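# Close look at the chain arrangement
Each chain, letter by letter, is given below.
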Amino acid sequence: LKSLFISFGLAVMGIFLILVLTFKNLLQPLLVLLTIPVGIISVLAALIMTGQPLSFMASLGIIALAGVIVN
């Protein structure tokens, strides 16, 4: 699970680099990436409300959600 969070951080940095190269601007990719923590907070709130633990599959879902948010 620890390596999954490290991979998530590396993926976010890679996405930021690609977005900077695409937009040729630093502000727009930063705004796009600021939506990822909002999505993570929403997922954690949903897990707490339903009483589910943060499992490996939930972590994979968070990573997938980050990809959908950026897209």
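Preceding this paragraph is the structure being described.
The structure reproduced in this document is the subject of the present report. (Residues numbered from 1 in each chain as written. Predicted model: local features only at pLDDT ≥ 70, side-chain atom pairs only at ≥ 80, totals over all residues. Heavy atoms only, no water.)

## Remarks on the overall build of the protein
Using the following cut-off: Helix and strand definitions follow DSSP, with helices as H or I runs of at least four residues and strands as E runs of at least two, each counted in order from the N terminus. The cut-offs for exposure are 20% and 50% of the maximum accessible area for each residue type, with area from a 1.4 Å probe on protein chains only; residues under the lower value are buried, those over the upper are exposed, and the others partly exposed. Working rule for contacts: check all heavy atoms of both residues, and any pair within 4.5 Å makes them a contact. Where accessible areas are quoted, they stem from the Shrake-Rupley method and a 1.4 Å probe; at the residue level, only the protein chains shown are allowed to cover.
The number of helices and strands found in the protein is four helices and zero strands. Walking the protein from its N terminus toward its C terminus, one meets helices and strands in the order α-α-α-α. Considered along the principal axes of its C-alpha atoms, the protein spans approximately 45 × 25 × 15 Å. Taking all 71 residues of the protein together, 20% fall into the buried category. Once local pairs closer than 6 in sequence are excluded, the contacts in the protein between residues at least 24 apart make up 52%. As displayed, the protein has an accessible area near 5,100 Å², and 78% of this comes from carbon and sulfur atoms.

## A word on the packing of helix 3 (residues 35-50) against helix 4 (residues 56-70)
Threshold: The angle between two axes is taken between their N-to-C directions and runs from 0 to 180 degrees, where each axis is a line fitted to C-alpha atoms and a helix contributes only its stretch in contact. Two helices crossing with the near one rotated counterclockwise from the far one by less than a right angle form a left-handed crossing, whereas a clockwise rotation gives a right-handed crossing. Only Asp, Glu, Lys and Arg are considered charged, only Ala, Val, Leu, Ile, Met, Phe, Trp, Tyr, Cys and Pro nonpolar, and every remaining residue, Gly among them, polar.
With their axes 10 Å apart at the nearest point, helix 3 and helix 4 run at an angle of 145° to one another. For the crossing formed where helix 3 meets helix 4, the hand is right-handed. Across the interface between the two elements, Thr 35, Ile 36, Gly 39, Ile 40, Val 43 and Leu 47 from helix 3 touch Ala 58, Ile 62, Leu 65, Ala 66, Ile 69 and Val 70 from helix 4. The class makeup of the residues in the contact of helix 3 with helix 4 is 10 nonpolar, two polar and no charged.

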